[in-house]
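Residue-level listing of the chains:
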Amino acid sequence: MSNLNKSLLLVSFYAPTAGNDDVFLESISHLTEYLQTNMSHGDQIILGSDCNCSTKSTHRRQTAWRNFCELFDLQIHMALLPTFHHHNGMSESCIDLFAATRGLDIGSISQYCTLETPLNLSSHDPIQ
């Protein structure tokens, strides 16, 4: 298949927050259906996500996320430091990431920490 027949699907995915596992699973199901409907053989994916899934998440949530990434052969690209800093200062986690088709070179991840940039009022560090 030539590269002319391939597409690169760019998707943004904001997953439901912790405590909403049923809604999280439903959103993963909808995302799976969307990709399966809109992809052709050989297409590649770059998914930018606040996946709201980390080592602190429930086993159910972690399994669903892992299965989704395996289904589409996605490799996770993350910043080296936590990207979410709770406003109360009591927790942080790595939940903002890129998931891309395995083997697709997306370059290095740059992170702009909100703790070092007071004008960013979000709890999330922008990554690129």
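That block above? That's the structure.
Residues numbered from 1 in each chain as written. Predicted model: local features only at pLDDT ≥ 70, side-chain atom pairs only at ≥ 80, totals over all residues. Heavy atoms only, no water.

1. Observations regarding the overall build of the protein chain
Phase 1 of the analysis: Summing up its helical and strand segments, the protein chain has two helices and six strands in all.
Phase 2 of the analysis: Here the C-alpha atoms of the protein chain give a radius of gyration of 16 Å, agreeing with the 14 Å that 2.2 N^0.38 yields for 128 residues.
Phase 3 of the analysis: Along the longest, intermediate and shortest principal axes, the C-alpha atoms of the protein chain span 50 × 30 × 20 Å.
Phase 4 of the analysis: The buried share of the protein chain, reckoned over its 128 residues, is 39%.
Phase 5 of the analysis: Within the protein chain, contacts between residues at least 6 apart in sequence are counted, and of these 67% link residues at least 24 apart.
Phase 6 of the analysis: Where the 6 positive side-chain charges of the protein chain centre and where its 13 negative ones centre are 6 Å apart. (Helix = DSSP H or I, 4+ residues; strand = E, 2+ residues; numbered from the N terminus. Rg over C-alpha atoms; globule rule 2.2 N^0.38 Å. Buried < 20%, exposed > 50% of the residue type's maximum accessible area, 1.4 Å probe, protein only. Contact = heavy atoms within 4.5 Å. Lys, Arg positive; Asp, Glu negative; His and termini not counted. Charge placed at Lys NZ, Arg CZ, Asp CG, Glu CD.)

2. So, the nonpolar core
Phase 1 of the analysis: Leu35, Leu47, Trp65 and Phe68 are the most contacted members of the largest nonpolar core, which totals 22 residues.
Phase 2 of the analysis: The set of elements that each furnish at least two residues to this core consists of β1 (8-14), α1 (21-38), β2 (44-50), α2 (59-71) and β6 (96-101).
Phase 3 of the analysis: With residues up to four places along the chain from it excluded, the contact list for tryptophan 65 reads Phe13, Phe24, Ile28, Leu47, Ser49, Cys51, Cys53, Ile76 and Leu97. (Core = buried A, V, L, I, M, F, W, Y, C linked by side-chain atoms within 4.5 Å.)

3. Considerations on the environment of leucine 47
Phase 1 of the analysis: Examined against the element boundaries, leucine 47 turns out to sit in strand β2.
Phase 2 of the analysis: Judged by relative accessible area, which is 0%, leucine 47 ranks as buried.
Phase 3 of the analysis: Each C-alpha atom, one on leucine 47 and one on phenylalanine 98, is 5.5 Å from the other, the two residues being 51 residues apart in sequence.
Phase 4 of the analysis: With sequence-adjacent residues up to four places away left out, leucine 47 is seen in contact with Val11, Phe13, Leu31, Trp65, Phe68, Leu97, Phe98 and Ala99.

4. A few points about the sheet that holds β2
Phase 1 of the analysis: Taking strand neighbours across the sheet as the criterion, the four strands line up as β1-β2-β6-β3 in an open arrangement whose pairing is mixed. Each edge of the open sheet carries a strand with a single partner, namely β1 and β3 (74-78). Within the sheet, the average angular offset between the axes of one strand and its neighbour, ignoring direction, is 20°.
Phase 2 of the analysis: Here five bridges tie β3 to β6, and the two strands are oriented antiparallel to one another. What sits directly across from glutamine 75, in β6, is alanine 100.
Phase 3 of the analysis: Taken strand by strand, α1 contacts β1 and β2, and its axis lies near 170° from that of β1.
Phase 4 of the analysis: Packed on one face of the sheet, α2 meets β1, β2, β3 and β6 and runs near 120° to β3. (Pairing = 2+ DSSP bridges. Axes fitted to C-alpha atoms, helices over the stretch in contact; angles between N-to-C directions.)

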